[in-house]
Every structure is written in C-alpha cells, then in structure tokens.
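Observations on chain architecture
Now for the letters of each chain:
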Amino acid sequence: MKTLKLLTPGYWTCQLLGWGLIGPMNMLYSGSFDGQTETSTHAEHIRLAVWMFAGFCSTHFMSAVIEKWRLLDLHPRTQTLWILSLTLVFALFTSVVTSVTILSMLTFHTVVVSDAEIRTLAIRTLLGSLVILLVWNSIYFLSHYVAKTKRQETDKLRIAAAMKDLELKRIKANMNPHFVFNAINGIRALVDEQPTRARDAMTSLGNILRSTLLIEKRDIVSLRE
C-alpha cells in the first residue's frame, strides 16, 4: 500500500491542528448547557477525550483506504458517493468505539449514568462524528482535486511547449536542405561565368553553415547574429 503521502509533515500538521482545535471547541460548547450534573460532566469529558482519539484514528484509516483504493482518481460524482459512504461507515465506527469505551470506563469507576444520559452522549457522538468526518473528507478530496487539476494544467503546458519545440526543429530540418540545394545550384551557375564571385559565394555558404551548426544548439539568437 502506498502510504508515503500520509507521512508528509503537512498531513500530520493538519491532523493534529484540526483535532486539537475540535476538542476545546466541544468542551466550550458542552459547558454552555445548564443543569449538568457532576456525573454527566465527568462522562462528557471522557466522551470528548475518547471521541477525539477515535476520530483521529478514523481519519487516518480513511486516508489509508483512499490511497489504497485510488479513490482520488475516480470521477467527481463517484468520489461524492465514496465521501458519503466513508463518512457514514467511519462515523458509526467512531461512535461505537467511543460509546463502548465510555461505558466500560464508567462501569470500572462505578459511576452511575442514567439511560437518558447514555442516549444523549451516544446521539451527540454520532452527530458530531458525521459532521466532522464529512467536513474532513470534503476538505481532503477537494484539496487533492485542486492539486491534481494544477498538475494536469502544468503537464498540458509542458506538452504544448515540447510540441512547439519539435515543430520548430522539424521546420529547421526541412529548411536547411532546401537552402543548401538552392545555394549550390546558384554557385554552380557562377563557376564558369564569374569564378571570383563563385569562390566568395562558397566562402559565405561555409560561414553560414558553420554558424547554423552553432546556433542550433541555442534557443535564443541575438538580432545582430
């Protein structure tokens, strides 16, 4: 499996920064509700810690699935279906892992939580996972789509430049034999009638051919030359 892209510093920076901000934001949001008991607050803190860890692992596993199955190479419409599918599957996985862990830890610490509080925690975990993972998937696919589009545009420009270069070389290759053929015929006509001019013409032709061989190695030639 090609996971080299997952090891880039930018990927881990976004992961740590994103989930590092999600945790405090959720704590502030949950702390804004009145009427919370000490037990429910304790359970909420455990839920957030476990949920952040499970969400971090889920997004990393989703990256591995996307890379392994080459989902970034699919049609945008197909990618949209995969985004929704991956979001639902991993949101359920994150919610189940978080809920089971919370219940196990609370049972171990003999903390009594009512059924209503358990349902509330489970629903909030599922909804939060769906929203966060959907946003994460959308950003992930969109960023790769933009990067892929830029690479394709760069490749098109590079191919167009190569085609123009080949066309110029082909034109030069066709022009040089015709020029030499016409010059030799012109000099041949001068040999009998004007030998001096014929010698000067041969000298000029030799200089031109020598300059042509040197100039062909460069892309830019000065106007004086």
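Note that the coordinates shown come from a computational prediction; the quantities given were computed from them, not determined experimentally.

**Concerning the pattern of salt bridges**
Across all of its chains, the model carries one salt bridge by this definition. The partner of Asp 155 in a salt bridge is Arg 158, and the shortest N-O contact between them spans 2.9 Å. Taken together, the positions of Asp 155 and Arg 158, both in helix α4 (residues 115-193) and three residues apart, correspond to about one turn of that helix. Take Asp 155: its relative accessible area is 38%, and that puts it in the partly exposed class.

**Concerning the confidence of the model for the protein**
Within the protein, residue pLDDT values average 78, and 80% of them lie at 70 or more. Across the protein, element-level confidence peaks in helix α3 (residues 76-108) with a mean pLDDT of 84 and bottoms out in helix α1 (residues 9-31) with 77.

**A short note on the packing of aromatic side chains**
Here the structure, examined in full by the defined rule, presents six aromatic pairs. Here Tyr 11 and Trp 12 contribute two aromatic rings whose centre-to-centre distance is 5.1 Å and whose plane-to-plane angle is 75°, an arrangement assigned as edge-to-face. Overall, the relative accessible area of 10% leaves Tyr 11 in the buried class. Ring centres 5.6 Å apart and planes at 75° place the aromatic pair Trp 19 and Trp 51 in the edge-to-face group. Placement of Trp 19 in helix α1 and of Trp 51 in helix α2 (residues 38-68) is noted, with a sequence separation of 32 residues between them. Neither residue differs from the other here; Trp 19 and Trp 51 are each classed as buried.

**A closer look at the nonpolar core**
Within the largest apolar cluster, 14 residues are counted, with the highest numbers of intra-cluster contacts made by Met 62, Ile 66, Leu 86, Phe 90 and Phe 141. When residues of this core are traced back to their parent elements, those giving at least two are α2, α3 and α4. Look past the residues within four positions of Leu 86 in its chain and what remains in contact with it is Met 62, Val 65, Ile 66, Leu 71, Ala 91 and Asn 137.

**Overview of unusual backbone geometry**
For Arg 70, which is not glycine, the phi dihedral falls at a positive 55°. Topologically, Arg 70 is positioned in the loop between α2 and α3. Take Arg 70: its relative accessible area is 47%, and that puts it in the partly exposed class.

**Some thoughts on a nonpolar patch on the surface**
The grouping of Leu 17, Leu 21 and Met 25 at the surface amounts to a nonpolar patch, some 330 Å² of accessible area in total. One can find Met 25 in helix α1. With relative accessibility at 57%, the residue Met 25 sits in the exposed group.

**Thoughts on the side chain of Ser 63**
Within the secondary structure layout, Ser 63 lies in helix α2. You can call Ser 63 buried: its relative accessible area is 0%. Within the structure, Ser 63 has its side chain in polar contact with the backbone oxygen of Thr 59 (distance 3.0 Å).

How each quantity is defined
Residues numbered from 1 in each chain as written. Predicted model: local features only at pLDDT ≥ 70, side-chain atom pairs only at ≥ 80, totals over all residues. Heavy atoms only, no water. Salt bridge = Lys/Arg side-chain N within 4 Å of Asp/Glu carboxyl O. Helix = DSSP H or I, 4+ residues; strand = E, 2+ residues; numbered from the N terminus. Buried < 20%, exposed > 50% of the residue type's maximum accessible area, 1.4 Å probe, protein only. pLDDT = per-residue confidence, 0-100. Phe/Tyr/Trp six-rings, centres within 6.5 Å; stacked < 30°, edge-to-face > 60°. Core = buried A, V, L, I, M, F, W, Y, C linked by side-chain atoms within 4.5 Å. Contact = heavy atoms within 4.5 Å. Patch = residues over 30% accessible without salt bridge, like charges linked within 9 Å, V, L, I, M, F, W, Y side chains within 5 Å. Areas by Shrake-Rupley, 256 points an atom, 1.4 Å probe, with all protein chains shown as cover. Polar contact = N/O pair within 3.5 Å; in protein donor to acceptor, adjacent residues only side chain to side chain.

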